[in-house]
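Residue strings, one per chain:
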Amino acid sequence: MLFNFAASLYNIQKQENHIIMRTKIKTILTGDGVDYKVNVKGWVRSFRNNQFIALNDGSCMGNIQVVIDLATDEEVTRNITNGASISVDGTVVASQGRGQRVEIKAETIKILGTCDSESYPLQLKNKPSLEFLREKAHLRFRTNTFGAVFRVRHALAYAVHKFFNDRGFVYVHTPIITASDAEGAGEMFRVTTLPFDNPPRTESGSINYKEDFFGKSTNLTVSGQLEAELAAMNFSEVYTFGPTFRAENSNTARHLAEFWMIEPEVAFNDINDNMDLAEDFIRYLIEHAMAHNREDIEFLAQRLADEEKQKPQNERSEMGLIEKLEFVINNKFERITYTDAINILQSSTPYKKKKFQYEVKWGADLQSEHERYLVEKHFKKPVIVTDYPEGIKSFYMRMNDDGKTVAAMDILAPGIGEIVGGSQREERLDKLTERMEAMNIPADELSWYLDTRRFGTVPHSGFGLGFERMVLFVTGMTNIRDVIPFPRTPKNAEF
RNA sequence: UCCUCCUUAGCUCAGUUGGUUAGAGCACAUGACUGUUAAUCAUGGGGUCCCCCGUUCAAGUCGGGGAGGGGGAGCCA
């Protein structure tokens, strides 16, 4: 930051008698200099008193106040409207007003793009609802809330790469179009160039995919895990970070049809190493965002607090956003086995009072209500549940010595539910094929995957973290559609 | 997919027991003012009360159906 500021001063000096280079508003607001010439460009957030422009260029939460001369050409002032883009040459001076340290005394103002006030849908003073802004997703970047959310999203994406890069992981680009539909991670979107109305048929009447673009039936990926495992068999530590698609008809605030997932895969790691990695990773992401986007997170914390005030007392959360994030940074996650979790639930008050809607029984999957009890009521912190019954988990998870449970781990976060799902993978060929057979997974389609177990197999582990759920957690937003710029959900693919 | 709630001005919302010309704040337009901080003051324009059907002398209001959205659940990350 100091460097940027010094650099911009250098540019000003260098070009004193020429056109001034653009300075980002963040640089001006975070610097401590005054009485120097700048050029700023941005969008008008408000224009008060025919004199004071609040200008934002997206570089930070804050606006810079531009003060214009009362004698400014009326043709110009008429076009300084909400949402208009302008370029300002002027001098950064100490502000006479009380709301800000510095402001820009404008010398020349150029209207870059006008914005018709009557038809511009963003009237920020009216606090438009998140639902309304969702329908204006092409414009919602220009609001304080979404500006902050997407700056934080960027910071988290950067931190993902930095975390793994600093630890010697190799970033692997796994395919988006895949032929295997045997992973069982969910319903898939079909990819085809065959005509809908009259596709070629085989003799038996089914669609003949031999004539399709790839010569076989293909889909959008539901996970890069299997391919990441292949790469881990050379690089030892790899990760993927890419779009993932699920054609489930899920209508919730936590599901998207197109979302971004991070999937590290590490050779020689067992389930405990895997949990350590996941925990370090989550903590690192939060710390990074807190350190680099403090202002955004403070704004979002205030937004959340205001929203909470609308709720009845008993539904309000005990911690504010910043407290919650600091709590996660400073406390180890609770680690319990699935069997322990069942025992805790069975001796809980809601269980005894028959408040749970779903059965709590060894062998049945934990339901949202159970997870929420464990995380939000019993432990009051993130919980890692391990060693699930083999019947409710995927084929590639490693069978434990008890023959009943697998080395799986789910991280449950307050307010979000499952944020990470991972496991130690079954590296023993005989056990893996046995389990695939039992779960009706066709081994011939996955022979390339089984080769890893044939040629130099090693114990290895990995997990998947839903990026949007992480962004939800850090921003305190409550609907996943508000943390991805253009959400894809059932019946909705606008923009 | 299931349960539940909602849909009135550009936005956020009121609208009484079914009753006559449907309101407010903000936004917008015009004017005034000029060191404002959600600026202020005055004036003004703005409505397919989501759609269809029904009950009724009369429907924003009651009933049925549909569409869209929110919240919760399932599936999962």
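The model shown is predicted, which means the values in this text are computed figures rather than measured ones. (Residues numbered from 1 in each chain as written. Chains lettered and ligands numbered in written order. Predicted model: local features only at pLDDT ≥ 70, side-chain atom pairs only at ≥ 80, totals over all residues. Heavy atoms only, no water.)

Quick word on the overall build of chain A
We apply this condition: Secondary structure elements follow DSSP: runs of H or I of four or more residues count as helices, runs of E of two or more count as strands, with numbering from the N terminus. Think of it in three bands: with a 1.4 Å probe and only protein chains considered, a residue is buried below 20% of the maximum accessible area for its type, exposed above 50%, and partly exposed in between. Shrake-Rupley sampling with a 1.4 Å probe provides the accessible areas, and residues are treated as covered by the protein chains on show and by no other component. The sign given to each residue is positive for Lys and Arg and negative for Asp and Glu; His and the chain ends receive no count. For the purpose of locating charges, the reference atoms are NZ of Lys, CZ of Arg, CG of Asp and CD of Glu.
Within chain A one finds 15 helices and 16 strands. If you line up chain A on its principal axes, its C-alpha atoms span 85 × 60 × 40 Å. By the burial criterion, 50% of the 495 residues in chain A qualify as buried. As displayed, chain A offers around 25,300 Å² of accessible surface, 49% of which is attributable to carbon and sulfur atoms. Once the 60 positive and 70 negative side-chain charges of chain A are each reduced to a mean point, those two points are 5 Å apart.

Concerning the sheet that holds strand β8 (residues 190-191)
To be explicit about the condition: Two strands form a pair only when DSSP identifies at least two bridges running between them.
Ordered by their spatial adjacency, 3 strands build an open sheet running β7-β9-β8, and the pairing between neighbours is antiparallel. The sheet is open, and its two borders are formed by β7 (177-178) and β8, each paired with just one other strand.

Here we look at the confidence of the model for chain A
Note the following rule: pLDDT measures the predictor's confidence residue by residue and takes values from 0 up to 100. In this analysis, two residues are considered to be in contact whenever any of their non-hydrogen atoms come within 4.5 Å of each other.
Here chain A shows a mean pLDDT of 90. Residues at 70 or above account for 95%. For chain A, the element scoring lowest by mean pLDDT is helix α1 (residues 2-14), at 49; strand β6 (residues 170-171) scores highest, at 98. Note on residues 10-15: pLDDT under 50 across the span, and 6 contacts to partners over four residues away in sequence or across chains.

Some words on the side chain of Asp57
Here is the rule: Polar contact is defined as a pair of N or O atoms within 3.5 Å, subject to the rule that within protein one atom must be able to donate a hydrogen and the other to accept it, and that residues adjacent in sequence are counted only when both atoms are side-chain atoms.
Tracing the backbone shows Asp57 in the loop between β2 (52-56) and β3 (64-67). Residue classification places Asp57 among the buried residues on the basis of a relative accessible area of 9%. A polar contact is formed between the side chain of Asp57 and the backbone nitrogen of Ile25, at a distance of 3.0 Å. Among the polar contacts listed, one links the side chain of Asp57 to the side chain of Ser59, at a separation of 2.6 Å. Other than its neighbours up to four places away in sequence, Asp57 contacts Arg22, Thr23, Lys24, Ile25, Lys41, Gly42 and Trp43.

Some points on the layout of surface pockets
Rules: Note on definitions: the grid is 1 Å and covers protein atoms alone; a cavity is a set of points where a 1.4 Å probe fits but cannot get out; a pocket is an open set with protein on both sides within 12 Å along at least five of seven lines; lining residues have an atom within 4 Å of a point. Grid points are joined across faces, edges and corners, and a volume is the space filled by probe spheres set on the points. Asp, Glu, Lys and Arg are counted as charged, while Ala, Val, Leu, Ile, Met, Phe, Trp, Tyr, Cys and Pro are counted as nonpolar; the rest, among them Gly, fall into the polar class.
For the second largest pocket, the calculated volume is near 970 Å³. Of the residues forming the lining of the second largest pocket, the biggest block, 5 residues, is contributed by helix α8 (residues 294-309). Tallied by class, the residues present in the lining of the second largest pocket amount to 8 nonpolar, 11 polar and 8 charged.

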